[in-house]
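Next come the chains, spelled out residue by residue.
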Amino acid sequence: MKLFVLTFLNGLTLAGLYFLVASGFTLVFGLMRNVNLAHGSLYLLGAYIGFEVGDRTGSWFLAVVAGFLSGAIFGVLLQILVFRRMEGQELRQTMVTIGISIVAADLMLAIWTGETYQFEPPDWLYGGTPLPFVKIYPTIRIMVLVVSVVVGVALWLFLTRTRIGMMIRAGVDDRGMLSASGVNVQRVFATTFAVGAGLAGFAGVVGGSALSISPGEDTRYLLASLIVVIVGGMGSVPGAAIGALMIGLAEQFGLAYSPTYSVVYTFLIMVAVLAIRPQGIMGRA
Amino acid sequence: MSTVADVMPGTTPRWLRPVLTYAIAAIALVIYPLIVPDFWAFQIGAQSLFLGVIALSLMFLGGYGGMVSLAQMTIAGVAGYLVAIIGGNSLNFGPAWPWWAAVPIAIAGGTLAATLVGVIAVRTAGIYTIMITIAIAMAFFYLAQQNYTLFNGHSGFASILPPHVFGIDWRTPIAFYFLSLLVAVLSYALVLYLSRSTFGIALQGIRDNARRMRALGFNVTAHRVAAYAMAGFIASFGGVLLVWFNSRISPGTVDTGPIFDILVIAVLGGMRRPIGPFVGAVIFVLLENFAIDFIDRERFNTLIGLCFLAIVLFSPDGVLGLWDRLTVLIDRAGAANRMLQRPIGNADRTQPAATGRPIPGRR
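As the structure is a computational prediction, the values presented were derived from the model and not from experiment. (Residues numbered from 1 in each chain as written. Chains lettered and ligands numbered in written order. Predicted model: local features only at pLDDT ≥ 70, side-chain atom pairs only at ≥ 80, totals over all residues.)

K.L.:
Break down the overall build of chain A for me, citing the residues and quoting the values.
P.N.:
Across its full length, chain A carries 11 helices and 2 strands. From first element to last, N terminus to C terminus, chain A shows the α and β order α-α-α-α-β-β-α-α-α-α-α-α-α. The C-alpha atoms of chain A give a radius of gyration of 19 Å, which matches the 19 Å a tight globule of 285 residues would have. Overall, the C-alpha framework of chain A stretches about 60 × 50 × 35 Å when taken along its three principal axes. In chain A, which comprises 285 residues, the proportion classed as buried is 52%. For chain A, long-range pairs separated by at least 24 residues make up 76% of all intrachain contacts whose partners lie at least 6 apart in sequence. (Helix = DSSP H or I, 4+ residues; strand = E, 2+ residues; numbered from the N terminus. Rg over C-alpha atoms; globule rule 2.2 N^0.38 Å. Buried ≥ 20, exposed ≤ 12 C-beta atoms within 10 Å, placed from the backbone. Contact = placed C-beta atoms within 7 Å.)

Next comes the structure, spelled out in structure tokens:
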């Protein structure tokens, strides 16, 4: 029972982390039809820059802010300098993001070497919190879960209750019509990219605090984002939440009960969804 | 019908051009390993050839089928792992069957894996293909890394050597070069043949307009899956050569780096013609081996990533696309010159334009 509950909690926190990364990915895809394969690089970049800021200022909160901002700035630069120039050429855009992710991974390896970094979160996040069945559970992981739920709700409110959120949803449905009704689509794109990329950088700091940061994490979270949005449906934030829950739980239960085949479960979920609902659980045909 | 250009002195008849090109290429490819040091035959020559074969399988899928799959290195890896597990390795894991049993099983296994990838990937179309195949490829990498019962985890398998057949040790550089050349030539011929077969024409029709082809009564899904199987068959041969070349295989062989490398090679050379991937592979292997002279060995990925970006941004048809544009310019300049030298009354304005080599279209 203890193993089960512990695995369940680990699955939930991992799902929270996956949601933070994948929600930005799915938002950008839904609006711009642009598969940003450099999304994992944004995660790692946010984590490293957040670490530097946290290390110099001694403030973990500044590190979180820096993670978000670095992701957002890099994302907006990508949108303005690269994607705007090749609108509508999906394959070319995707290939460019692959090229960028190759170069970014190599440059980050050059700057921050192959070492593993660990954040120093504030004292109240250290240690454990008593919970039923498992006696004690790391506070920081509970924090990851809480943060992802808060971000999820905030994102939902942003999309459904604000003017710019309305524009983004309209853009997902019909980009041409949105533009024709007098909205500056480029500004909507830049905003979406900033939020999506910023969330990846933010997740980098949060994930780096709960786990650790090292080269190769970029591809791990890219794979997670890909599978989460394939399963959940492209462009849907609730879909990303459902997908993240399924993948996070599958991964942790797989690791706990059959460690050498755990990735197969994740894979089988993807195949099953593609077989039954190719557009994803919450995706529109 | 002979045109002015055909009978003009100094220009070869049109039918002779491809024959001459192939003859020169064949002679060069056969003489090359005999006159260069072993390093150039093995490290540069053979490696370019089998990497070209794997990239060729991607070119076939992407260029003719419009499906850019990032799982081609994974298929090659599946075939490589099968050779390692079945054909004997330093761990004495698996049955250690002779090559004539292990290699066909590896090719069949790779083709089967590719067919399964195809069945999964064709559920969606367009940009989703790249996402799903990349997810499959990465999942296979993590599986190979975490699984010790079948893949021997992180360390993989070592001492996988090409066999001695007909009294020749196929591991010696020159023999291995010719083995790679044979595979490359056969794959190239197969892709050329397929591209002109009924199947290939239908596949290109599906690439250009799947809806219309479906309306014409073609089974679009079956054609696409068959294309994946065919590409997997070719990539499997590349995979067997790859594992013999390295004499080992580990999860690193199918990691994100190599997965992207195949795409880089195909795009670098150009995805429109089957020769493109081989051109790309030569450039890639040369850069990989000699970039150390210009930059830090560790920063090779930055260099190749930037080359890839430059090609994607400025010449979407790869190096071959650049070459085509160049030859068209030269031909046009030559035609213009000839037109100027001709007596005015005789100048037929439509003729010189026709001598310019047409830009190879998506055909």
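K.L.:
Before we move on, could you go through the overall build of chain B and cite the residues and values that matter?
P.N.:
Summing up its helical and strand segments, chain B has 15 helices and 4 strands in all. Rg of the C-alpha trace for chain B: 23 Å, near the compact-globule value of 21 Å for 363 residues, within the 12% margin. Along the first, second and third principal axes, the C-alpha atoms of chain B reach 80 × 55 × 45 Å. Counting only residues that meet the buried cut, chain B has 46% of its 363 residues in that class. Taking all contacts inside chain B whose residues are at least 6 apart in sequence as the whole, residues at least 24 apart take part in 74%.

K.L.:
Give a detailed account of the environment of Met234 of chain A, specifying residues and quantitative values.
P.N.:
Residue and element names in this part refer to chain A. Here Met234 is to be found in the loop between α9 (217–232) and α10 (237–257). Residue classification places Met234 among the buried residues on the basis of 25 C-beta atoms within 10 Å. Sequence spacing of Met234 and Val35 is 199 residues, and the spatial spacing of their C-alpha atoms is 10 Å.

K.L.:
So what's going on with the interface of chain B and chain A? Residues and values would help.
P.N.:
Listed by partner, the interface residues are 33 residues for chain B and 32 residues for chain A. Of all the secondary-structure elements, those providing two or more residues to the side of chain B that touches chain A are α6 (127–146), α11 (256–269) and α13 (300–314) of chain B. Residues of the side of chain B that touches chain A, tallied by class, amount to 22 nonpolar, 9 polar and 2 charged. (Nonpolar A, V, L, I, M, F, W, Y, C, P; charged D, E, K, R; others polar.)

K.L.:
So, the confidence of the model for chain A: which residues are in play, and what are the values?
P.N.:
When pLDDT is averaged across chain A, the result is 86; 99% of the residues are at 70 or more. The least confident element of chain A is strand β1 (residues 128–131) of chain A, whose mean pLDDT is 75; the most confident is helix α2 (residues 39–57) of chain A, at 91. (pLDDT = per-residue confidence, 0-100.)

K.L.:
Tell me about helix α2 (residues 16–35) of chain B, and name the residues and values.
P.N.:
Here α2 of chain B contains 20 residues, and its C-alpha end-to-end distance of 28 Å stays within 8% of the 28 Å for a straight helix at 1.5 Å per residue. With 1 of 20 residues buried, α2 of chain B lies mostly on the surface of the structure. (Expected span 1.5 Å × (residues − 1).)

K.L.:
Let's hear about the packing of helix α3 (residues 38–65) of chain B against helix α4 (residues 72–86) of chain B: which residues, and what values?
P.N.:
All names here are of chain B. Contact geometry of α3 with α4 gives a least axis separation of 9 Å together with a crossing angle of 130°. Our classification of the angle between α3 and α4 gives oblique. Seen from above, α3 lies across α4 with right-handed handedness. Taken together, the residues of α4 that come into contact with α3 (itself represented by Ile54, Ser57 and Leu58) are Gln72, Met73 and Ala76. Of the residues belonging to the contact of α3 with α4, the class tally is 4 nonpolar, 2 polar and no charged. (Axes fitted to C-alpha atoms, helices over the stretch in contact; angles between N-to-C directions. Parallel < 35°, antiparallel > 145°, perpendicular 65-115°, else oblique. Left-handed = near helix turned anticlockwise from the far one by under 90°.)

K.L.:
So, unusual backbone geometry: which residues are in play, and what are the values?
P.N.:
The backbone phi angle of Thr113 of chain A is positive, close to 55°, even though this residue is not glycine. Assignment of secondary structure puts Thr113 of chain A in the loop between α4 (90–112) and β1.

K.L.:
Could you give an account of the nonpolar core, naming the residues involved and the relevant values?
P.N.:
Counting residues in hydrophobic clusters, the biggest one holds 198 residues, and the most contacted among them are Tyr18 and Val21 of chain A together with Val83 and Ala135 of chain B. With 16 residues, α3 of chain B is the single largest residue contributor to this core. Contact partners of Ala135 of chain B, with chain neighbours within four places excluded, come to Leu223, Leu226, Ile227, Ile230 and Met270 of chain A. (Core = buried A, V, L, I, M, F, W, Y, C linked by C-beta atoms within 7 Å.)

K.L.:
An account of the confidence of the model for chain B is requested, with residue identities and associated values reported.
P.N.:
Residue and element names in this part refer to chain B. Averaged over all residues, the pLDDT of chain B equals 82, while 90% of them reach at least 70. The spread of mean pLDDT over the elements of chain B runs between helix α15 (residues 350–355), the lowest at 43, and helix α10 (residues 220–246), the highest at 93. The model gives residues 1–9 a pLDDT under 50, and that stretch makes 9 contacts with residues more than four places away or in other chains. The ipTM value of the predicted complex is 0.83, and its pTM value is 0.83.

K.L.:
Residue-level account of the environment of Trp99 of chain B, with values.
P.N.:
By the element assignment, Trp99 of chain B lies in helix α5 (residues 99–121). For Trp99 of chain B, the residues in contact, after removing those within four places along its chain, are Gly87 and Pro163 of chain B.

K.L.:
Please provide a residue-by-residue account of the packing of helix α12 (residues 276–290) of chain B against helix α14 (residues 318–341) of chain B, values included.
P.N.:
Residues and elements named next belong to chain B. The contact between α12 and α14 brings their axes to 8 Å, and the two run at 110°. As judged from the angle between their axes, α12 and α14 are roughly perpendicular. Only Gly318, Val319 and Leu320 of α14 make contact with α12, whose side of the interface consists of Gly276, Val279, Gly280 and Ile283. Here the residues of the contact of α12 with α14 are counted per class, giving 4 nonpolar, 3 polar and no charged.

K.L.:
Go over the environment of Leu203 of chain B, please, and point to the residues and values.
P.N.:
All names here are of chain B. Relative to the helices and strands, Leu203 is located in helix α8 (residues 198–208). Between the alpha carbons of Leu203 and Phe218 there is a distance of 9.7 Å; along the sequence they are 15 residues apart. Residues in contact with Leu203, not counting those within four places in the same chain, are Tyr64, Gly65, His223 and Ala227.

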